[in-house]
Amino acid sequence: MNRNEFLKSFGLGGVGLIIPKTPLIQQPIKIYENYAQGLFHYDFKAIKDQLKIGEELILIAETTNVYDRYAVAIFYNQHKLGYLPAYENITISNLLVQHVKLFAFITHLNVDDLYSGIALEVLTEIVVEKNNAIMPTTLALPSDDIDDKYRS
């Protein structure tokens, strides 16, 4: 599944037997975006031509990693590409350990750059009241493309 298919797939589906008074909808929320680290140590160079923007990636918490107990490895199929940066991986690692379903997609790709060749975003599903749902127009944009004073 690529990013566009993921975003189109949102519908409430089977929620259970309790029907709330307020209609609910399932909505994606972006919880993380940054560049992958360590690309030059793993399989990026060998498979870089197979990758495309929007491709889904797999995140795996490596709780037994001796260097970082919150390490989050990034995979494309069975190929390890690298890791989320250690200075900001704790929340994503904890969510993965608790089996929260996270979806990661490539948002930036430069196959010639072994240091910052891949940026990814991580989304999760939330259920919100339909009356309070806000579908942000910024969901489809990388954070660096959002117009605000910090990024100007």
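Above: the structure in question.
Residues numbered from 1 in each chain as written. Predicted model: local features only at pLDDT ≥ 70, side-chain atom pairs only at ≥ 80, totals over all residues. Heavy atoms only, no water.

J.: What am I meant to see in the overall build of the protein chain here?
T.: Helix and strand counts for the protein chain stand at three helices and six strands. Put simply, the protein chain runs from its N terminus to its C terminus through helices and strands in the order α-β-α-β-β-β-α-β-β. Among the 152 residues that make up the protein chain, the fraction classed as buried is 34%. For the protein chain, the proportion of contacts with a sequence separation of at least 24, taken over those separated by at least 6, is 64%. (Helix = DSSP H or I, 4+ residues; strand = E, 2+ residues; numbered from the N terminus. Buried < 20%, exposed > 50% of the residue type's maximum accessible area, 1.4 Å probe, protein only. Contact = heavy atoms within 4.5 Å.)

J.: Before we go on, may I ask you to explain the packing of aromatic side chains in this structure?
T.: Given two aromatic rings, their pairing is described by the distance between the two centres and the angle made by the two planes. This model, assessed by the stated rule, comprises two aromatic pairs. Consider the rings of Tyr 42 and Tyr 83, whose centres lie 5.7 Å apart with planes at 70°: the pair is edge-to-face. With a gap of 41 residues between them, Tyr 42 in the loop between strand 1 (24-35) and helix 2 (44-47) and Tyr 83 in strand 4 (residues 79-83) connect regions that are remote in the sequence. Looking at Tyr 83, the relative accessible area reads 14%, which means it is buried. (Phe/Tyr/Trp six-rings, centres within 6.5 Å; stacked < 30°, edge-to-face > 60°.)

J.: Sorry, what's going on with the environment of Tyr 83 here?
T.: Taking the C-alpha atoms as reference points, Tyr 83 and Ala 73, ten residues apart in sequence, are found 4.4 Å from one another. Those residues within four positions of Tyr 83 in sequence are excluded, and the remaining contacts are Ala 36, Gln 37, Tyr 42, Glu 62, Asn 65, Ala 71, Val 72, Ala 73 and Ile 74. A polar atom in the side chain of Tyr 83 sits 2.6 Å from the side chain of Glu 62. (Polar contact = N/O pair within 3.5 Å; in protein donor to acceptor, adjacent residues only side chain to side chain.)

J.: What is the right way to read the pattern of salt bridges from this model?
T.: For side chains bearing opposite charge, pairing can occur when the charged atoms are close. Evaluation of the coordinates by the stated rule reveals three salt bridges. For Glu 33, the salt bridge goes to Lys 30, with nearest N and O atoms at 3.4 Å. Among the residues examined, Lys 30 registers a relative accessible area of 21% and is labelled partly exposed. When the shortest N-O distance is used, the salt bridge between Glu 121 and Lys 30 registers 3.5 Å. Remark: Lys 30 occurs in strand 1 and Glu 121 occurs in strand 6 (residues 118-129); sequence separation between them is 91 residues. Through salt bridges with shared partners, one network takes in Lys 30, Glu 33 and Glu 121. (Salt bridge = Lys/Arg side-chain N within 4 Å of Asp/Glu carboxyl O.)

J.: Quick question: what am I supposed to make of the side chain of Asp 68 here?
T.: Relative to the assigned elements, Asp 68 resides in the loop between strand 2 (56-62) and strand 3 (71-76). No salt bridge is formed by the buried Asp 68. Its closest oppositely charged neighbour is Arg 69, at 7.2 Å. At 2.9 Å, the side chain of Asp 68 and the backbone nitrogen of Tyr 70 are in polar contact. What Asp 68 contacts, discounting residues up to four positions off in sequence, is Glu 62, Ala 86 and Asn 89. (Lys, Arg positive; Asp, Glu negative; His and termini not counted.)

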